[in-house]
Every structure is written in C-alpha cells, then in structure tokens.
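Tertiary structure, described
One-letter residues, chain by chain:
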Amino acid sequence: MIIEPLKSRPFDLVLLKTFVQVIDSQGFTAAAEALHLAQSTISAHVKRLESQVGTPLLEKGQRIPFPTPVGRKVLLHARRLLSQNALAWQDIVEPRIDGSVRLGIPDDYLVYMPTVLSEFERRFPDVELQVYCGLSVELLDQMQAKMLDLAITTRQPKSPGGEVLCQEQTVWVGADRLEIQKRQPLPLAVSKDGLCIFRQRGIDALKSAGIPWRIAYTSASLSGLTAAVRAGLAVTILTPSMVPSGLQILTSEHGMPTLPMTEIALHLQPEAETNEATRRLANGIRKYIHRSVS
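Residues numbered from 1 in each chain as written. Predicted model: local features only at pLDDT ≥ 70, side-chain atom pairs only at ≥ 80, totals over all residues. Heavy atoms only, no water.

1. With respect to the sheet that holds strand β4 (residues 163-169)
Defined as follows: Paired strands, in this sense, are two strands between which DSSP finds at least two bridges. For helices the rule is a DSSP run of H or I covering at least 4 residues; for strands it is a run of E covering at least 2, with both sets numbered from the N terminus onward. Angles here are taken between N-to-C directions and fall from 0 to 180 degrees, while the axes themselves are lines fitted to C-alpha atoms, restricted in helices to the stretch in contact.
In spatial order, the strands read β2-β1-β3-β10-β4; together these five strands make up an open sheet with mixed pairing. At either margin of the open sheet sits one strand with a lone partner, and together these are β2 (127-133) and β4. Between one strand and the next, the sheet's axes are offset by a mean angle of 15°, whatever the strand orientation. Taken together, the two bridges between strand β1 (residues 99-105) and strand β3 (residues 150-154) define a ladder with parallel strand orientation. Bridged to Gly 104 within β3 is Ala 151.

Structure, rendered in structure tokens:
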C-alpha cells in the first residue's frame, strides 16, 4: 500500500543521515556500527523515511541495499541537505578559513586522498587547494624550496624526516597468470634509478635471495608500471593498499623474497610558515590514514 506523501513537509535530517549511511556502508549492520545505533533503530529510521516519502526507497530482496528510482532522488537530495547543514553549523561555530594550500603526494598514495580531500573542500570552500603529484624525492626537494606547504612521501633512508603516519608491508605484485618460475631473469617494472626506494629494496632482496633479475620497464607513474604488470610482462613493488584489481600479491609461495616495511611520512613547513588551512588539512590526513590502516 502506497502512502500519500504530505505536501511541503520538511525532511528529518536524522532519517536522511541514516539512509545515506545505509547506502554508503552497504548494509544495515555496518550503518548501525558507524552511527553507534542499534540495528533496529536503523531499520526504524528507514521505514519512517519511506513513510514520509510515501514509497519504498530500497529495492526488495537485495543482499546489499540498493535504492529504488525514488530512493536515488532522495539520496541525491539527502547528501545536499546534509552537506548544507554541516556548512551552516561550520559557519556558526567555526571561524571562516581561507587562503591556499599546496599539497604534494606521489601518484601511488592517491588511494588515501579522494575522501579526505573531498571532505576538506566541503568544509572549507574558501580555501584554494592545489595538489601536485610526483615522486617522493622530488616532493622533498619542493618542500625544501618552499614550493609546497605539506607533502606525503615514502620515508627515504638518506632523508628520514617528517612525521610517520603509518607503516605498510612492501610487496611484490604480478598478473594473475604470470608464471614466475618461467621468467628468468625476473623482469621488473620500476621507477628510474635513484628516484624510488621501492626499486632499490626490490633489487637488494633479489640479490640476497640469489634470484636473477633485469629491468624490463621503467616509468615514473604508478599507471605506467601497473600497465606492464597487468599485461604479464613484469612484476613490480607496491604496498597492499596500492594494488589494483586484477593483480595479485606475490609471496614466498611464488618464490619471491620478503621485502621490508615502508613508512609513509607527512612533511610540513615550520609552524611560523604554516597557515590555518594547511594545519586543518594535515590533521584531516592524519586522522584518515590512521583510520584506514588501523
């Protein structure tokens, strides 16, 4: 039975927040955990919202909640209303922040950034955010030259500064169909010599294990390296969070030597040279990466 919706009735932001969380979390249980509510409360919120709208908002019989055509409309407006609500509160309780922030980050670590950068721009629309991608050694040079306000890098042995945000295991990566034993010497897809710590660590590990190798592909970008790996032409070295779909992590079971841990570091200019917008972005990055790897 379809209930006739009330005309010009204001949406309940609590119900909208619950509905958005159910979709984003891909389930009622995960949404309950994210919102610190009982699962029965989550279900009740969705039912109340459906009652207000007058039609089902989720498709029936789906293991993962999927919005109906009307549900998609409600979801779109819900995101806008919740965003505007957050901006309104920010405008009331927080000082207006403007200025510019120049962030440097390797292509490899962009996996960490979309969510935190989107949230930052939503919260501080008056800040001009500039993102520069490059290799860690290049970004450190730009930090030294005051061309960047902050940077996320792989910690380098010869320049170990910065605040360690997390540690990740470095791993070998290859195509699913690659037969390591038949590829001797082992073809590698790596960055140019002296520009990436992953390259030297991989070569050192292969030498220690007595495994013959050759440099087959050289690229400064993650997409260039993974293209060669995806084609089954070489193996490369990444961290687990960087491994794209369609590739596999190669372990000792594939005959590959163990690689050392990698430290991801945050570099900031001195406090006196850092504006409030940069400090806010740095805090957002810290919190997001700590949550992502915990």
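2. So, the sheet that holds strand β9 (residues 247-250)
The sheet built from three strands is open, its strands ordered β8-β5-β9 with antiparallel pairing. Whereas interior strands pair on both sides, the edge strands pair on one side only; in this sheet they are β8 (236-238) and β9. Going across the sheet, the axis of each strand differs from the next one's by a mean of 45°, ignoring polarity. Examined bridge by bridge, strand β5 (residues 171-175) and β8 share three bridges and lie antiparallel to one another.

3. Points about the environment of Leu 259
Rules: Should any heavy atoms of two residues lie within 4.5 Å, those residues are counted as being in contact.
Inspection of the secondary structure assignment puts Leu 259 in the loop between β9 and β10 (261-268). The spatial distance from the C-alpha of Leu 259 to the C-alpha of Phe 198 is 9.2 Å, given a sequence separation of 61 residues. If we ignore the near neighbours within four places in the chain, the residues touching Leu 259 are Gln 169, Thr 170, Val 171, Trp 172, Arg 201, Gly 202, Ala 205 and Ile 237.

4. So, the environment of Leu 13
Worth spelling out the cut-off: Burial classes: relative accessible area under 20% of the type maximum marks a residue as buried, over 50% as exposed, and values in between as partly exposed (1.4 Å probe, protein chains only).
Within the secondary structure, Leu 13 sits in helix α1 (residues 13-25). Judged by relative accessible area, Leu 13 falls into the partly exposed class, the value being 30%. When the C-alpha atoms of Leu 13 and Pro 95 are compared, they prove to be 24 Å apart, with 82 residues separating the residues in sequence. Residues within four places of Leu 13 in sequence aside, it is in contact with Leu 81, Leu 82 and Asn 85.

5. Observations regarding the pattern of salt bridges
Spelled out, the test is: Criterion for a salt bridge: a side-chain nitrogen of Lys or Arg within 4 Å of a carboxyl oxygen of Asp or Glu.
Here the structure, examined in full by the defined rule, presents ten salt bridges. Asp 149 serves as the salt-bridge partner of Arg 102, at 3.0 Å between the closest nitrogen and oxygen. Of this pair, Arg 102 sits in strand β1 while Asp 149 is found in the loop between α6 (136-144) and β3, placing the two residues 47 residues apart along the sequence. The class of Asp 149 is buried, set by a relative accessible area of 11%. One salt bridge in this structure joins Glu 163 and Arg 286, with 2.9 Å as the shortest N-O distance. One end of the pair, Glu 163, is in strand β4; the other, Arg 286, is in helix α9 (residues 276-293), with 123 residues separating them in the sequence. Overlapping salt bridges bring together Glu 271, Glu 276, Arg 279 and Arg 280 as one network.

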